[in-house]
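# Summary of structural features
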Amino acid sequence: MRIQHPLEPLDTTQLLLPIHAEDHVFGTESASYTLVEYGDYECPECGRLFGIIRELQASLGERLRIVYRHYPLGGIHPAAQEAAEAAEAAGAQGHFWEMHDLLFQNQNALARKNLLAYAEGLQLDRDRFSRELKKRVYEERVREDFRRGVQNGVYKTPGLFLNGVRHDGAWDRDILLQILTR
């Protein structure tokens with residue numbers, strides 16, 4: 001293993017922070033391809049990417065592993081931080097991905113009352129969910145994802161890494177599929 005000199009610039013074209021136990025992972029570690037997204041539930045481009053990722057999952061099946069990390073841009077998207085915390089609160093009850101999907105499918109309805117309705121629809125313990133949102137139990141967890149994104153050179157959403165390599169170019173289903181499978 002190569003030790004990096006402290007004054008040497010980081011190579012942010014590579015995913016510097018490996019997938020870890022706290023990450024939200026859909027798919028198996030043995031999957032042939034991995035897509036890591038730093039995303040914001042209120043970001044229209046992330047919403048578009050959400051649909052593309054679903055198409056990639058349909059094409060690649062179990063060969064694709066998806067990792068989602070929070071990167072709420074609160075200055076631009078005021079509901080993004082609480083939406084990310086809602087996804088975490090749902091995740092604490094075993095329903096991260098279901099809430100994740102609902103948040104992207106309803107990007108224009110991320111007010112607290114909407115988040116509570118989504119929790120109810122998922123049959124979560126609504127009192128616990130509401131209490132955790134109100135007390136901001138998952139604020140630090142979301143901020144840690146954001147900090148890790150900054151450390152990895154993410155500066156906008158979506159921040160996308162395909163098989164460990166940053167992808168800043170155009171992204172549509174065919175382009176991403178081609179890059180993942182080369």
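First, a word on what this report is: a plain description of the structure on this page. Worth saying up front: this structure is predicted, and the values here are computed from it rather than measured. (Residues numbered from 1 in each chain as written. Predicted model: local features only at pLDDT ≥ 70, side-chain atom pairs only at ≥ 80, totals over all residues. Heavy atoms only, no water.)

## Structural notes on the pattern of salt bridges
Stated formally: The working definition used for a salt bridge is a side-chain nitrogen of Lys or Arg within 4 Å of a carboxyl oxygen of Asp or Glu. Helix numbers and strand numbers start at the N terminus; a helix is a DSSP run of H or I with at least 4 residues, a strand a run of E with at least 2. A simple rule labels every residue: compare its accessible area, found with a 1.4 Å probe on the protein chains alone, to the largest value its type can have, and call it buried under 20%, exposed over 50%, or partly exposed in between.
Under the defined criterion, the tally for this structure stands at 16 salt bridges. Salt-bridge contacts for aspartate 101 lead to arginine 54; the nearest nitrogen and oxygen are separated by 2.4 Å. Residue aspartate 101 is located in helix α3 (residues 96–105), and its partner arginine 54 is located in helix α1 (residues 44–60); the two are separated by 47 residues in the primary sequence. Judged by its relative accessible area of 26%, arginine 54 is partly exposed. Among the ionic pairs, glutamate 85 bridges to arginine 136, the shortest N-O distance being 2.7 Å. Residue glutamate 85 is located in helix α2 (residues 80–92), and its partner arginine 136 is located in the loop between α5 (126–134) and α6 (139–151); the two are separated by 51 residues in the primary sequence. Given the relative accessible area of 35%, arginine 136 is considered partly exposed. In this structure, a network of salt bridges that share partners links the residues Glu85, Arg136, Glu139 and Arg143.

## Side note on empty space enclosed by the protein
Convention followed: With a 1 Å grid laid over protein atoms only, a set of points is called a cavity when a 1.4 Å probe fits there but cannot get out and a pocket when it is open yet has protein on both sides within 12 Å along at least five of seven lines; lining residues have an atom within 4 Å of a point. Grid points are joined across faces, edges and corners, and a volume is the space filled by probe spheres set on the points. Gly is put with the polar residues, along with every residue not named as nonpolar or charged; the nonpolar set is Ala, Val, Leu, Ile, Met, Phe, Trp, Tyr, Cys and Pro, and the charged set is Asp, Glu, Lys and Arg.
Summed over the entire model, instances satisfying the criterion amount to two cavities of 30 Å³ or more. If you add up the space inside the largest cavity, you get close to 40 Å³. Contributing to the lining of the largest cavity are Glu37, Phe50, Ile53, Arg54, Ile66, Tyr68, Trp97, His100 and Phe104. Elements supplying a minimum of two residues to the lining of the largest cavity: α1, β3 (64–70) and α3. Per-class residue counts for the lining of the largest cavity are six nonpolar, one polar and two charged. Surrounding the second largest cavity, Val154, Tyr155, Lys156, Pro158, Gly159, Leu160, Arg166, His167 and Asp168 form its lining.

## Points about helix α4 (residues 112–121)
Defined as follows: Note on definitions: a residue-residue contact is assigned when non-hydrogen atoms from the two residues lie within 4.5 Å.
Taken as a whole, α4 has its buried residues at Asn114, Leu115, Leu116, Tyr118 and Ala119. Contacts from the buried residues of α4 go to α2, α3 and α5. One or two residues past the end of α4 sits glutamine 123, with phi positive at roughly 60°.

## A look at the packing of aromatic side chains
Using the following cut-off: Each Phe, Tyr or Trp ring (for Trp, its six-membered ring) is paired with any other whose centre lies within 6.5 Å, and the angle between the two planes then decides the class: stacked below 30 degrees, edge-to-face above 60, tilted in between.
Tallied over the entire structure, the rule returns ten aromatic pairs. Taking 6.2 Å as the distance between ring centres and 70° as the angle between the ring planes, the aromatic pair formed by tyrosine 38 and phenylalanine 161 counts as edge-to-face. Placement of tyrosine 38 in strand β2 (residues 33–39) and of phenylalanine 161 in strand β4 (residues 159–162) is noted, with a sequence separation of 123 residues between them. Owing to a relative accessible area of 0%, tyrosine 38 belongs among the buried residues under this scheme. Ring-pair connections join several aromatic residues into one group, and the members of that group are Phe26, Tyr41, Phe50, Tyr68, Phe96, Trp97 and Phe104.

## So, the sheet that holds strand β1 (residues 24–26)
Stated formally: Two strands qualify as a pair provided that DSSP identifies no fewer than 2 bridges between them. All axes here are fitted lines through C-alpha atoms, helices being fitted over the stretch that makes contact, and every angle between N-to-C directions spans 0 to 180 degrees.
Pairing within the open sheet is mixed, and its five strands lie in the order β1-β3-β2-β4-β5. In the strand order of this sheet, the two ends are held by β1 and β5 (165–166), each with one partner. Pairing of β2 with β3, which is carried by seven bridges, proceeds in the parallel orientation. The partner of glutamate 37 across the bridge, within β3, is tyrosine 68. Its contacts with the sheet place α6 against β1, β2 and β3, and it is angled at close to 105° to β3.

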